[in-house]
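Residue-level structural notes
Next come the chains, spelled out residue by residue.
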Amino acid sequence: DAGVIQSPRHEVTEMGQEVTLRCKPISGHDYLFWYRQTMMRGLELLIYFNNNVPIDDSGMPEDRFSAKMPNASFSTLKIQPSEPRDSAVYFCASSMAVDTQYFGPGTRLTVL
Amino acid sequence: SQQGEEDPQALSIQEGENATMNCSYKTSINNLQWYRQNSGRGLVHLILIRSNEREKHSGRLRVTLDTSKKSSSLLITASRAADTASYFCATVGDDMRFGAGTRLTVKP
């Protein structure tokens, strides 16, 4: 298996632009997680899905952030409009249960 | 939000020495896991210890769990420069939460 795949690996955009991050989980994994990591705040859980259904989105910072999982093999995290404080590394992870998670390589987002 | 708190925040040792990192948590758990993150990469699962286990080994890794003190430790023996990374504990109960991590530097 190729592992969790994220795209793009790097994204540089200007404030106010829409940003879409993509994730393909490991086949057969029922859970998908989106995290954000910064030096100041560490690793933060934004939202997670079980069988494509959002279970806990309490970590989503504000309405500018939205996440979807239209099918078992694809998820997106969208920021609209983006702000400089959204600059971070965004990780997607998948698992067979709320247990051992397999992380993707991350998307490094820079909002100018 | 984070549950586990790692201690120390940063640790610097010489190659060949042992490295010990600690994790404390607040609520009851089903299991506790340790992850490693190399700079610029995603987290990689290292080892899982269940709430009814007290100690577990995997290669140069030794993990202990004390549920009465709500704490765990990760010991890396005979450290190598390649062990330089950040190490996170994650608690699994009703949900899964990661700690803030310990930054380990192993000097050659």
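Structure's up top.
Residues numbered from 1 in each chain as written. Chains lettered and ligands numbered in written order. Predicted model: local features only at pLDDT ≥ 70, side-chain atom pairs only at ≥ 80, totals over all residues. Heavy atoms only, no water.

**Things to note about the overall build of chain B**
Cut-off, in case you're wondering: Runs of H or I in DSSP of at least four residues are treated as helices and runs of E of at least two as strands, each being numbered from the N terminus. Think of it in three bands: residues with accessible area under 20% of the maximum for their type are buried, residues over 50% are exposed, and the middle band is partly exposed, with areas taken using a 1.4 Å probe on protein chains only. We call two residues contacting when some pair of their heavy atoms lies within 4.5 Å. To measure how exposed things are, a 1.4 Å probe is used in the Shrake-Rupley method; for residues, cover is taken only from the protein chains shown. The sign given to each residue is positive for Lys and Arg and negative for Asp and Glu; His and the chain ends receive no count. Charge positions are represented by NZ for Lys, CZ for Arg, CG for Asp and CD for Glu.
Each helix and strand in chain B was counted, giving zero helices and eleven strands. The order of helices and strands in chain B, counted from the N terminus, is β-β-β-β-β-β-β-β-β-β-β. Judged by the C-alpha coordinates and their principal axes, chain B covers about 40 × 25 × 20 Å. Counting only residues that meet the buried cut, chain B has 44% of its 108 residues in that class. Sequence-distant contacts, at least 24 apart, represent 54% of the contacts inside chain B between residues at least 6 apart. For chain B, the exposed surface amounts to about 5,200 Å²; the carbon and sulfur share of it is 43%. Looking at chain B, you have 14 positive and 11 negative side-chain charges, and the mean spots of the two groups are 3 Å apart.

**Considering the nonpolar core**
Quick note on the threshold: Among buried residues, those of type Ala, Val, Leu, Ile, Met, Phe, Trp, Tyr and Cys that are joined through side-chain atoms within 4.5 Å constitute a nonpolar core.
With 21 residues, the main nonpolar core has A:Trp34, A:Leu77 and A:Tyr90 as its most contacted residues. Taken together, the elements giving at least two residues each to this core come down to strand E3 (19-24), strand E4 (31-38), strand E5 (42-50), strand E7 (65-71), strand E8 (74-79), strand E9 (88-95) and strand E11 (107-111) of chain A. Counting 20 residues, the second largest nonpolar core, distinct from the first, contains B:Met21, B:Cys23, B:Leu104 and B:Val106.

**Some details on the sheet that holds strand E7 (residues 61-66) of chain B**
Residues and elements named next belong to chain B. Condition: Paired strands, as defined in this entry, are two strands with at least two bridges between them according to DSSP. Whenever a helix is involved, its axis is fitted only over the stretch in contact; in every case the axis is a line through C-alpha atoms, and angles between N-to-C directions fall within 0 to 180 degrees.
Spatially, E1-E3-E8-E7-E6 is the arrangement adopted by the five strands of the open sheet, whose pairing is antiparallel. Both edges of this open sheet fall to strand E1 (5-7) and strand E6 (55-58), since each of them pairs with a single strand only. Strand-to-strand twist in this sheet, taken as the mean axis angle between neighbours without regard to direction, amounts to 20 degrees. Pairing of E6 with E7, which is carried by four bridges, proceeds in the antiparallel orientation. Opposite Ser58, over in E7, you have Leu61 as the bridge partner.

**Some details on the sheet that holds strand E1 (residues 5-7) of chain A**
All names here are of chain A. Spatially, the four strands line up as an open sheet ordered E1-E3-E8-E7, and their pairing is antiparallel. Of all the strands in the sheet, the pair left with one neighbour each is E1 and E7. Taken pair by pair, the neighbouring strands of this sheet meet at an average axis angle of 15 degrees, ignoring direction. Of the strand pairs in this sheet, E7 and E8 are connected by five bridges, and their pairing is antiparallel. The residue bridging Ser66 from the neighbouring strand is Lys78, located in E8.

**Side note on the pairing of E8(A)**
The two faces of a sheet get side chains in turn, since along a regular strand they alternate between them. Residues and elements named next belong to chain A. With five bridges joining them, E3 and E8 adopt antiparallel strand pairing. For Val19, the partnering residue across the bridge sits in E8 and is Ile79. Here E7 hands over to E8 after two residues, the two strands then running antiparallel side by side.

**Concerning the environment of A:Leu112**
Residues and elements named next belong to chain A. When you line up the elements, Leu112 lands in the segment after E11. In this structure the C-alpha to C-alpha distance between Leu112 and Arg85, which are 27 residues apart in sequence, comes to 9.3 Å. Not counting chain neighbours up to four residues away, the residues in contact with Leu112 comprise Val12, Thr13, Glu14, Met15 and Pro84.

Geometric values such as these leave the question of function open.
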